Amino acid sequence: MRLVILGPPGAGKGTQAASIVDTFNVVHISTGDIFRENIKNDTPLGKKAKSYMDRGELVPDELVNDLVVDRLQKPDVENGFLLDGFPRTVNQAVALDAALEQMGTKLDRVINIVVASDLLIDRAVGRRVCPTCGRTYHIKNQKPAVEGKCDDDGASLIQRDDDTEETVKKRIDVYERQTSPLIDYYKAQGLLLDIDGSKDIDVVFEDIRAGLDKEA
Ligand code: AP5
């Protein structure tokens, strides 16, 4: 299955992606994770991306499109993929469509996670992540067994640099202006699966699973 997961910052895309890739046996491709890994490793791409990310702005399309198109050529993608955080502009969506067409394939579904803005701020500001394995927690909704430590590897949890209230508000604004037009773009293609992301994590996943099973 070839999937995109769409939704504003803090909607739960990464949280749901973890369950979706396990259940549907597809590869998770998160552009945010790819950029954060490059920042951690101090690569030229990471250096370029960091200033945009810290300001809550989008990294320019020309830095993102080739990266994703290259990733989609890798053999592990053959069984399907879940794109998380890409596309984020209509330009990126057009580039994705063109790349898939060249590969002789196309998207099956676009999961659109819908959550109100006040919840988004609380979720993103309260998020904590494991710097070693990337697992996501929340100070209220998804606590680790031992406060501040990852359940899987015991590493000390950190807060993402772009999860301050001010930057989250900026990211939501950027989403509204630059990414939300993709909802109509994919609706017009008959691909959109709207999901109420304000419910509990497990319930949201069951709704996604039911929606994807129905279409499969
Ligand atoms: P990216 O990493 O993609 O961030 P984002 O889209 O802003 O999304 P988040 O990771 O903040 O949220 P999420 O929806 O994954 O929520 P999560 O599951 O963690 O991008 C970061 C930056 O990189 C961008 O700002 C941009 O600069 C750059 N970038 C990336 N891709 C780009 C592209 N294609 N083009 C240009 N620039 C790009 O959940 C959040 C919290 O809520 C967690 O703590 C979780 O535990 C909790 N939670 C989740 N679901 C629930 C629930 N149902 N109930 C209660 N709590 C929940």
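Structure: see above.
Rules used in this analysis
- Residues numbered from 1 in each chain as written.
- Predicted model: local features only at pLDDT ≥ 70, side-chain atom pairs only at ≥ 80, totals over all residues.
- Heavy atoms only, no water.
- Phe/Tyr/Trp six-rings, centres within 6.5 Å; stacked < 30°, edge-to-face > 60°.
- Buried < 20%, exposed > 50% of the residue type's maximum accessible area, 1.4 Å probe, protein only.
- Lys NZ or Arg CZ within 6 Å of the ring centre and 35° of its normal.
- Helix = DSSP H or I, 4+ residues; strand = E, 2+ residues; numbered from the N terminus.
- Expected span 1.5 Å × (residues − 1).
- Arc of directions from axis to C-beta.
- Near = heavy atom within 4 Å.
- Polar contact = N/O pair within 3.5 Å; in protein donor to acceptor, adjacent residues only side chain to side chain.
- Areas by Shrake-Rupley, 256 points an atom, 1.4 Å probe, with all protein chains shown as cover.
- Nonpolar A, V, L, I, M, F, W, Y, C, P; charged D, E, K, R; others polar.
- Pairing = 2+ DSSP bridges.
- Axes fitted to C-alpha atoms, helices over the stretch in contact; angles between N-to-C directions.
- Contact = heavy atoms within 4.5 Å.

Asks: A description of the packing of aromatic side chains should follow, citing residues and the corresponding values.
Replies: Summed over the entire model, instances satisfying the criterion amount to 1 aromatic pair. Measuring from ring centre to ring centre gives 5.1 Å for Y185 and Y186, while their planes differ by 85°; the resulting arrangement is edge-to-face. We classify Y186 as buried; its relative accessible area is 0%. Taking NZ or CZ as reference, R55 lies 5.4 Å from the ring centre of Y52, over its face.

Asks: Pulling in residues and values, what's your account of helix α7 (residues 165-179)?
Replies: Between its first and last C-alpha atoms α7 spans 20 Å; for 15 residues at 1.5 Å apiece the expected length is 21 Å, and the two agree. Among all positions of α7, only T167, V168, R171, I172, V174, Y175 and T179 are buried. Down the axis of α7, the buried set is contained in an arc of 160°. They therefore lie on one face. Residues of α7 that are exposed and angled more than 90 degrees away from the buried face: E166 and R177.

Asks: Go over the site of the ligand, please, and point to the residues and values.
Replies: The immediate surroundings of the ligand are formed by 35 residues, with T15, E57, R88, R127 and Q142 found nearest. With respect to the ligand, the side chain of T31 contributes an N or O atom lying 2.7 Å from a nitrogen atom. G85 has a polar backbone atom sitting 2.8 Å from a nitrogen atom of the ligand. Alone, the ligand offers 1000 Å² of accessible surface; in the complex the protein occludes 96% of this. Where the shell around the ligand is concerned, the elements lending two or more residues are α1 (13-24), α2 (31-40) and β6 (136-138). At 4 residues, α2 tops the list of elements feeding residues into the shell around the ligand. A class-by-class count of the residues in the shell around the ligand yields 11 nonpolar, 13 polar and 11 charged.

Asks: Tell me what's going on with the pairing of strand β3 (residues 81-84), and back it up with residues and numbers.
Replies: The two faces of β3 match: F81 and L83 on one face and L82 and D84 on the other face are all buried. Of the strand pairs in this sheet, strand β1 (residues 2-6) and β3 are connected by 4 bridges, and their pairing is parallel. By the bridge assignment for β3, V4 is matched with L83. Summarising the sheet, strand β2 (residues 27-30) and β3 pair through 4 bridges and their orientation is parallel. Within the sheet, the bridge partner assigned to S30 lies in β3 and is D84.

Asks: An account of the sheet that holds β1 is needed here, citing residue identities and associated values.
Replies: Here we have 5 strands laid out as an open sheet, ordered β2-β3-β1-β4-β7, and parallel in their pairing. Here the strands that pair on one side only, and so sit at the sheet edges, are β2 and β7 (192-196). Strand-to-strand, the axes of this sheet are offset by a mean angle of 20°, without reference to chain direction. Lying over the sheet, α2 contacts β2 and β3, oriented at roughly 65° with respect to β2.

Purely geometric numbers; function is a separate question.
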